[in-house]
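Each chain, written out:
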Amino acid sequence: MSKRITIKDIAKLAGVSVGTVDRVLYNRGSVSEASRIAIEKAIEKMEYKPNIHVSALALRKTYKLCITIPQFTEGEYWDALESGIKRAIEKYEGVDISVKFFYYNQFDIYDCRKTFDEVSKYDADAVIIGPTFRDETIYLVSQLEYLKIPYVFVDSVVENTSPLAFFVADPYTCGYIMSKLITGLTPSNSELVLFQAERIGDESANTTILRKRGFLAYLKDKKLTNKLHSVMYSALDLSRNDDLIGDYFEKNPNIHGAIVLNSRGHVIADYFEKKNINNIKLVCIDMTEKNIHAIKSGYIDYLICQRPDAQGYLATKSIIEYLVYRLPLKVENYLPLDILVNETVCLYEEFNNIDYL
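Reading the values: rules and limits
- Residues numbered from 1 in each chain as written.
- Predicted model: local features only at pLDDT ≥ 70, side-chain atom pairs only at ≥ 80, totals over all residues.
- Heavy atoms only, no water.
- Pairing = 2+ DSSP bridges.
- Helix = DSSP H or I, 4+ residues; strand = E, 2+ residues; numbered from the N terminus.
- Axes fitted to C-alpha atoms, helices over the stretch in contact; angles between N-to-C directions.
- Contact = heavy atoms within 4.5 Å.
- Salt bridge = Lys/Arg side-chain N within 4 Å of Asp/Glu carboxyl O.
- Buried < 20%, exposed > 50% of the residue type's maximum accessible area, 1.4 Å probe, protein only.

Could you give me a rundown of the sheet that holds strand S8 (residues 255-260), with the residues and numbers involved?
If you trace the six strands from one edge of the open sheet to the other, you get S7-S6-S8-S9-S10-S12, paired in mixed fashion. Lying at the two open borders of the sheet, with one neighbouring strand each, are strand S7 (228-233) and strand S12 (338-340). Across the sheet, the mean angle from the axis of one strand to that of its neighbour is 20 degrees, orientation sign disregarded. In this sheet, S12 lies alongside strand S10 (residues 302-305) in antiparallel orientation, the contact comprising three bridges. Bridge pairing links Ile-304 to Ile-339 in S12. Packed on one face of the sheet, helix H8 (residues 171-185) meets strand S6 (191-197), S8, strand S9 (281-285), S10 and S12 and runs near 165 degrees to S9.

In structure tokens, the structure reads:
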């Protein structure tokens, strides 16, 4: 068994007193910048982790954690991510954490603005953000930075921001993989269609923008000349899709592949099933309950899973540990992207439920 690292070991390596290490770990008082740097280097080298429960009790502090993510229904992507958040909070039940959720409509930019305004006025110690709209997120984090409130991203990271950390399955890489999969499934030079969800305010989601960028990058890298169609669909009012999509595929018979750039791929799969469209390959994102049904029924060919539960869990765990003993976090945290097919989705469902984190 390896020797347990103590504060005395850290102090000896850093060349400072035990009291100085204690002040850095538990944010008890002022310490010179040189001593702080030496202690942080010693902590990193020795891979020391304070006991978070003891630390929290010593500080006797209540931590106010704010979380803002899109609204969801049971079995959807954000449901899994919130489950991960709640599991981390339960793990640290010895720490006094006050949690406030702010939900917004990810298909309505105006509702997002209203919710983010409420978040900016909430007196939080830290904020976890599941961003959808780029400019609205940049405005929110500018307010948080002014107030010196640390924030962490899940799902995607917004350019030109400075989060304490982010926990994402890279959307750009996801789009790149989707392009590779769909062009491999379809005949050479097949026409392809990208489905994007309608949003009130006519602004694409940040993840959609990044996935589309990755999708196009693969075509460019491989010098592929597939004709690309872009079609809007309604993720909320399914009755409108007959008008939005209608006879599109009859008028474009050379389309052999489709991708959906958000987690509502089942909407297109259900439309294909209703219209008896069997000659178009479909690649989608996220292991939601409805997407699982669609891949099992054969209307989704590949499903890319982003492990939202792990994103939520790791983001919350990290921000709690940061709040308690103020150690620096690793900023860039990319989770694996899992590619599922009909034959593997059942096994993935079974083993994905194991509490391995």
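So what's going on with the pattern of salt bridges? Which residues, and what values?
Applying the stated criterion across every chain yields a total of 14 salt bridges. Arg-134 serves as the salt-bridge partner of Asp-135, at 3.0 Å between the closest nitrogen and oxygen. A relative accessible area of 43% places Asp-135 in the partly exposed class. Note that Asp-242 is salt-bridged to Lys-275, the shortest N-O span being 3.7 Å. Of this pair, Asp-242 sits in helix H10 (residues 241-244) while Lys-275 is found in the loop between helix H12 (265-274) and S9, placing the two residues 33 residues apart along the sequence. Residue classification places Asp-242 among the partly exposed positions, given a relative accessible area of 33%. Via salt bridges that share partners, Asp-242, Lys-274 and Lys-275 belong to a single interconnected network.

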